[in-house]
Amino acid sequence: LPHDAPRAEIERLSPRGFILSGGPSSVYDAGAPSLPPYLRAPSVPVLGVCYGMQLLAHELGGVVRPAGRREYGPATISVCDDSNLFRALPSSLNVWMSHGDSIEQLPAGFTALAQSPNTPFAAMSDPARRFYGVQFHPEVTHTEHGLDILRRFVLEVCQCAPDWSPENIIQESVALVRALVGDGRVLCALSGGVDSAVTATLAAHAVGERLTCVFVDHGLLRAGEADEAMALFTNHLDLNVVRVNAAERFLARLDGVVEPERKRKIIGEEFIRVFEDEAARRGPFAFLAQGTLYPDVIESAGPGKKDAARIKSHHNVGGLPERMDFKLVEPLKRLFKDEVRAIGRALGLPERWVNRQPFPGPGLAVRIIGPVTRAALDTLRAADAIVRAEVEAAGAERALWQYFAVLTPVQTVGVMGDHRTYANLIAVRAVTSEDGMTAQWAALPHDLLGRISARIVNEVPGVNRVVYDITSKPPSTIEWE
Ligand code: XMP
């Protein structure tokens, strides 16, 4: 919830505790999120993370020093008090820091829990008032024991019960969809990914025959993908699916478009228009179900998220046009990918489908740097099929979150046979990640990279050079656009 959510909305949830998140502001910025008045003397515990900790320190009487220099990236903290958040954890932890300002003096009642070379206050607490703060980010995978720290706060300090299970979430989601939809009819957007397959299966459980699925082949899919997806939907999941071949429409609208956010907006909007056309043909449908995940919501900084920095408009959120004829049904909107996979398994989706690598809604359009043309799509599709085939033949995919090719407009000189070539550069990207929010570039074996490169240059016309992307997220993102 945003920091200025109405108090009544928060009370309706009867929270057992509060976590104040990090954010891009400094407590000294005009208009920076402030501590809601009801959190000055709350009846439940509060944990501030990064900006959240600085805000607690600043507003409860401590001193926050404006940024001298930014501390960004890995840091090692030493635990100096292991009586609460850090109980039973190693005395030295590698954590992920990302902040400008830092705390110079703790408010009265607080003591330091950990220090780093850059700050004596890497974590703090006032156990009597049940205030806690960590300067680092426990929620990212680069932080050792980050989940243990969060678990300790949520389960022990706030005394919440760990009752998340796929079965509970399925029951809740089915009930929510039923309540939302009533006796209306639902159109579901199927992309071929695990998110929309899980969304459709949940919707089918909720409304049965009143669900019609539409699979839009926007021409931006990978090699073989459309046929494989249709086979899964109809043979295995027994969904009622209409396939729409809309490649011409999408390519026409993308003609000459280079700017990534415009590509996303156009594709998101065209999706909706295709659905509206199908709805008009087969409807009426009052509802549109789609597989939006929580990271899409966070990173798109959509309505209700105005203070999070906008990174990308993921097409099924930020890309939605202003005018829409559907009400949205998004049963996965509060879930992360690993949770959706657990639900997919519980719903009986085949393992190979549950474990599929994520594929962005705007498809290959955001992996072609520059204008999207038929020729560029053919080139990228061929290169991408080689990346996938070789990674899978080596059994390397199990450890990876995503592995794919990117077509760049960079042209370089090469020599093939006895001829000079002047052709495009393909980048290969492979990353490991827990949830897509952060990612590490994957150290693929050199012989595997060598095979991928040799095959792409030999088999894909118009490509004479292959490079491997060795940046993590942050500071890069996973997709190139
Ligand atoms: P980035 O590039 O933001 O990607 O680090 C994080 C994860 O999200 C996927 N992604 C998208 N998914 N629509 C989607 O449905 C989009 O516009 C989009 N952009 C990125 C990306 O593949 C990665 O898994």
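As shown above, the structure is provided for reference.
Let me sum up the structure you'll find in this document.

### Brief notes about the sheet that holds strand 13 (residues 287-289)
The sheet built from 5 strands is open, its strands ordered 12-11-10-13-14 with parallel pairing. Among the strands making up the open sheet, the edge pair consists of strand 12 (241-245) and strand 14 (327-329). Along the sheet, successive strands turn relative to each other by an average axial angle of 30°, direction set aside. Bridge count for strand 10 (residues 186-190) against strand 11 (residues 211-217) is 5 bridges, and the pairing is parallel. Across the sheet, alanine 189 pairs through a bridge with valine 214, a residue of strand 11. The strands that helix 8 (residues 260-282) touches are strand 10, strand 11, strand 12 and strand 13; relative to strand 11, the one it contacts most, it runs at about 135°.

### Some words on the environment of arginine 429
Locating arginine 429 in the fold gives a position in strand 16 (residues 419-432). In this structure arginine 429 comes out as buried when scored by relative accessible area, which is 0%. Taking the C-alpha atoms as reference points, arginine 429 and glycine 370, 59 residues apart in sequence, are found 18 Å from one another. Among the polar contacts made by the side chain of arginine 429, one reaches the side chain of aspartate 469 at a distance of 3.2 Å.

### Looking at the sheet that holds strand 7 (residues 111-116)
Each strand in a sheet pairs with another by means of backbone hydrogen bonds, the pair being arranged parallel or else antiparallel. The strand order 1-2-9-8-7-4-5 describes an open sheet built from 7 strands, whose pairing is mixed. Strands with a single pairing partner mark the edges of an open sheet, and in this sheet they are strand 1 (18-20) and strand 5 (92-99). Within the sheet, the average angular offset between the axes of one strand and its neighbour, ignoring direction, is 30°. Note: strand 2 (residues 46-49) against strand 9 (residues 131-134), 4 bridges, orientation parallel. Within the sheet, the bridge partner assigned to valine 49 lies in strand 9 and is valine 134.

### Some details on the packing of aromatic side chains
Taken as a whole and assessed by the stated rule, the structure comprises 9 aromatic pairs. Summarising the aromatic geometry, the rings of phenylalanine 86 and phenylalanine 136 are spaced 6.4 Å apart at their centres and angled 55° between planes, so their arrangement reads as tilted. Placement of the pair is phenylalanine 86 in the loop between strand 4 (71-79) and strand 5 and phenylalanine 136 in the loop between strand 9 and helix 3 (146-157), with a sequence separation of 50 residues. Of the residues examined, phenylalanine 136 reaches a relative accessible area of 0% and is grouped as buried. Within the aromatic cluster, the residues linked to one another by ring pairs are Phe250, Phe271 and Phe275. Sitting over the ring of phenylalanine 404, arginine 367 keeps its end group 3.7 Å from the ring centre.

Reading guide: rules and limits
- Residues numbered from 1 in each chain as written.
- Predicted model: local features only at pLDDT ≥ 70, side-chain atom pairs only at ≥ 80, totals over all residues.
- Heavy atoms only, no water.
- Pairing = 2+ DSSP bridges.
- Helix = DSSP H or I, 4+ residues; strand = E, 2+ residues; numbered from the N terminus.
- Axes fitted to C-alpha atoms, helices over the stretch in contact; angles between N-to-C directions.
- Contact = heavy atoms within 4.5 Å.
- Buried < 20%, exposed > 50% of the residue type's maximum accessible area, 1.4 Å probe, protein only.
- Polar contact = N/O pair within 3.5 Å; in protein donor to acceptor, adjacent residues only side chain to side chain.
- Phe/Tyr/Trp six-rings, centres within 6.5 Å; stacked < 30°, edge-to-face > 60°.
- Lys NZ or Arg CZ within 6 Å of the ring centre and 35° of its normal.

Read these as layout, nothing more, since geometry by itself doesn't imply function.
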